[in-house]
Amino acid sequence: MLMNFVNSFHMKKIQMVDLKGQYSKIKEEVDSSVLEVLESTAYINGPRVHEFQKNLESYLGVKHVIPCANGTDALQIAMMGLGLKPGDEVITADFTFAATVEVIALLQLTPVLVDVDPVSFNIDIDAIKRAITPKTKAIVPVHLFGMCANMEAIMQIANDHNLFVIEDNAQAIGSTYTYSNGKKAKAGTIGHVASTSFFPSKNLGCYGDGGAIFTNDDDLAHTIRGIVNHGMYERYHHDVVGVNSRLDSIQAAILDIKLKKLDAYNRARQKAARAYNFAFKDQANIIIPTGKDVCSGICDTCDCHVFHQYTLRIINSNRDALVKHLNEKGIPCGVYYPIPLHRQKAYLDERYNEDDFKVTNQLVKEVVSLPMHTELDDEQIEFITTTVINFVNS
Ligand SMILES: *Cc1c(COP(=O)(O)O)cnc(C)c1O
């Protein structure tokens, strides 16, 4: 305990996300790129946007990246591009950020929330199957906390029932999915279309808002490029109702610099996750996050989990007391997510039955996300893990 006290006294202040520490290491390059854009005056749709788009396409191995204003727009535009109609049912996870279900409802589609898997926290495959009706048109898997959902099974269901798959990849950019035959693909390149967010705290974050849509489908890419630009395919000809959703050139310039470092950033997150997992793995009251069975998400050679969040389950029902204790010790933490979407006022639906959401209802009581970013050091992790372990055993 004395050791902890001494450590914490000298230790760098712990942050949930250390944007400043990360920026300080790329400051010169970022500042000069931003200044170049300012001088160029090509603030909207400048060459930097196109360059970033091309670089992201080749990084992901996807034919089309369409940049847009944020991750919520990206989801909405993806659904608009697919031509989904009011009343179409869209299946998504009950345990996710509200943006996913929000855009479904905004487009007057019918959200159908389903339970998640207790190990991966991602959408439950059997729950998807049970939720399919003749009105079902799409599935939106969310690659939660940095790990790709079971896309092989989801694409199989989609093929069998003629459904679209829209990947919400806001939390898992850079994560690699491995099929049962060993083939690999980046998260966000497997479904018919995917969305991502460049919100500052995301694994690839800019210094403002940003987002993008990915697809391998040429026709869909064309449709979407018009939708993001007021439904215009030819100047001042508005063929469809579109939106105005753009990534600005300053953000693109920053993202292009950070894209080159994305693998290193994700590796830094994985290193921190490995250290956390190592400390917590034998704790009776703690369930650690795992990736695919083959690697537990923490090996050196696989990128199946890129740890947007490092999320524990505290199974002795002391989660809220732990959160309070950590905050008192100067350790920020988060509860993602404290309320299941099916119990949010905006998304109540009399067709839902509490028995169908057993896992989510449990997770919202147990989960806690620890500080996770690219700048965590050994001393901080030691202090965090010791503080958590002492508390759950006290
Ligand atoms: C962040 C996030 C979004 C929304 O992204 P914004 O850029 O904030 O609009 C959507 N879905 C998930 C799962 C997210 O984590």
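Residues numbered from 1 in each chain as written. Predicted model: local features only at pLDDT ≥ 70, side-chain atom pairs only at ≥ 80, totals over all residues. Heavy atoms only, no water.

Taken together, the neighbourhood of the ligand is formed by 13 residues, with Gly-71, Thr-72, Asp-168, Ser-197 and Lys-202 sitting nearest. A distance of 2.8 Å is found between a nitrogen atom of the ligand and a side-chain nitrogen or oxygen belonging to Asp-168. Contacts to the ligand include Gln-171, whose side-chain N or O atom sits 2.8 Å from an oxygen atom. Taking 380 Å² as the accessible area of the ligand by itself, protein coverage stands at 91%. Of the residues assigned to the shell around the ligand, the class counts are four nonpolar, seven polar and two charged. (Near = heavy atom within 4 Å. Polar contact = N/O pair within 3.5 Å; in protein donor to acceptor, adjacent residues only side chain to side chain. Areas by Shrake-Rupley, 256 points an atom, 1.4 Å probe, with all protein chains shown as cover. Nonpolar A, V, L, I, M, F, W, Y, C, P; charged D, E, K, R; others polar.)

On to the nonpolar core. Ranked by size, the top nonpolar core spans 36 residues in total, and within it Ile-91, Phe-95, Val-114, Ile-128, Met-151, Ile-154 and Ile-190 carry the most contacts. When contributions to this core are tallied by element, the ones reaching two or more residues are strand E2 (89–93), strand E3 (110–114), helix H6 (125–131), helix H7 (151–161) and helix H12 (358–366). Counting residues per element, this core draws most heavily on H7, which supplies five residues. Residues within four places of Ile-91 in sequence aside, it is in contact with Val-112, Val-114, Ile-123, Ile-128, Ala-131, Ile-132, Thr-136, Ala-138, Ile-139 and Val-140. Among the nonpolar cores identified, the runner-up in size contains 27 residues, and Leu-322, Leu-326, Met-372 and Val-388 belong to it. (Core = buried A, V, L, I, M, F, W, Y, C linked by side-chain atoms within 4.5 Å. Buried < 20%, exposed > 50% of the residue type's maximum accessible area, 1.4 Å probe, protein only. Helix = DSSP H or I, 4+ residues; strand = E, 2+ residues; numbered from the N terminus. Contact = heavy atoms within 4.5 Å.)

The strand order E1-E9-E8-E5-E4-E2-E3 describes an open sheet built from seven strands, whose pairing is mixed. Strands with a single pairing partner mark the edges of an open sheet, and in this sheet they are strand E1 (64–68) and E3. With strand direction ignored, the average angle separating the axes of adjacent strands in the sheet is 25 degrees. Along the sheet, helix H4 (residues 71–81) contacts E1, strand E4 (136–140), strand E5 (164–168), strand E8 (193–197) and strand E9 (211–215); its crossing angle with E8, the most-contacted strand, is approximately 165 degrees. Seen against the sheet, helix H8 (residues 218–227) touches E1, E8 and E9 and runs at an angle of roughly 15 degrees to E1. (Pairing = 2+ DSSP bridges. Axes fitted to C-alpha atoms, helices over the stretch in contact; angles between N-to-C directions.)

Inspection of the secondary structure assignment puts Thr-136 in strand E4. Along the chain, Thr-136 and Val-112 lie 24 residues apart, while their C-alpha atoms are 8.9 Å from each other. Setting aside chain neighbours within four positions, we find Thr-136 in contact with Glu-89, Ile-91, Ala-131 and Leu-163. A distance of 2.8 Å separates the side chain of Thr-136 from the backbone nitrogen of Thr-133, its partner in a polar contact.

Quick look at the packing of aromatic side chains now. Tallied over the full model, the rule gives 14 aromatic pairs. Ring plane angle 75 degrees and centroid distance 5.5 Å describe the contact between Phe-52 and Phe-198, whose orientation is recorded as edge-to-face. With a gap of 146 residues between them, Phe-52 in helix H3 (residues 47–60) and Phe-198 in the loop between E8 and E9 connect regions that are remote in the sequence. Since its relative accessible area comes to 0%, Phe-52 is described here as buried. Under the relative-accessibility criterion, Phe-198 is labelled buried at 0%. Consider the rings of Phe-97 and Tyr-337, whose centres lie 6.5 Å apart with planes at 35 degrees: the pair is tilted. Of this pair, Phe-97 sits in the loop between E2 and helix H5 (99–106) while Tyr-337 sits in the loop between helix H11 (319–328) and H12; the two residues are 240 residues apart in sequence, bridging distant segments of the chain. (Phe/Tyr/Trp six-rings, centres within 6.5 Å; stacked < 30°, edge-to-face > 60°.)

Attention now goes to the sheet that holds strand E14 (residues 367–370). Across a sheet, strands are paired by hydrogen bonds formed along the backbone, either parallel or antiparallel in direction. Spatially, three strands are ordered E12-E13-E14 in an open sheet, and the strand pairing comes out antiparallel. The open sheet terminates on both sides in strands that have one partner only, identified here as strand E12 (286–287) and E14. Pairing between E12 and strand E13 (residues 310–314): two bridges, direction antiparallel. In the strand pairing of E13, Ile-286 is matched with Ile-314. Packing against the sheet, H11 makes contact with E13 and E14, and its axis sits at approximately 25 degrees to E14.

Side chains of Leu-35, Leu-38, Tyr-43 and Ile-44 sit close together on the surface and give an oily, nonpolar patch of about 370 Å² of accessible area. When you line up the elements, Leu-38 lands in helix H2 (residues 19–40). (Patch = residues over 30% accessible without salt bridge, like charges linked within 9 Å, V, L, I, M, F, W, Y side chains within 5 Å. Salt bridge = Lys/Arg side-chain N within 4 Å of Asp/Glu carboxyl O.)

For the pair H4 and H8, interaxial distance at closest approach is 9 Å and the crossing angle is 125 degrees. By the angle between their axes, H4 is oblique relative to H8. Judged by the twist between their axes, the crossing of H4 over H8 is right-handed. Contacts between H4 and H8 involve Ile-77, Ala-78, Met-80 and Gly-81 from the former and Leu-220, Thr-223, Ile-224 and Ile-227 from the latter. (Parallel < 35°, antiparallel > 145°, perpendicular 65-115°, else oblique. Left-handed = near helix turned anticlockwise from the far one by under 90°.)

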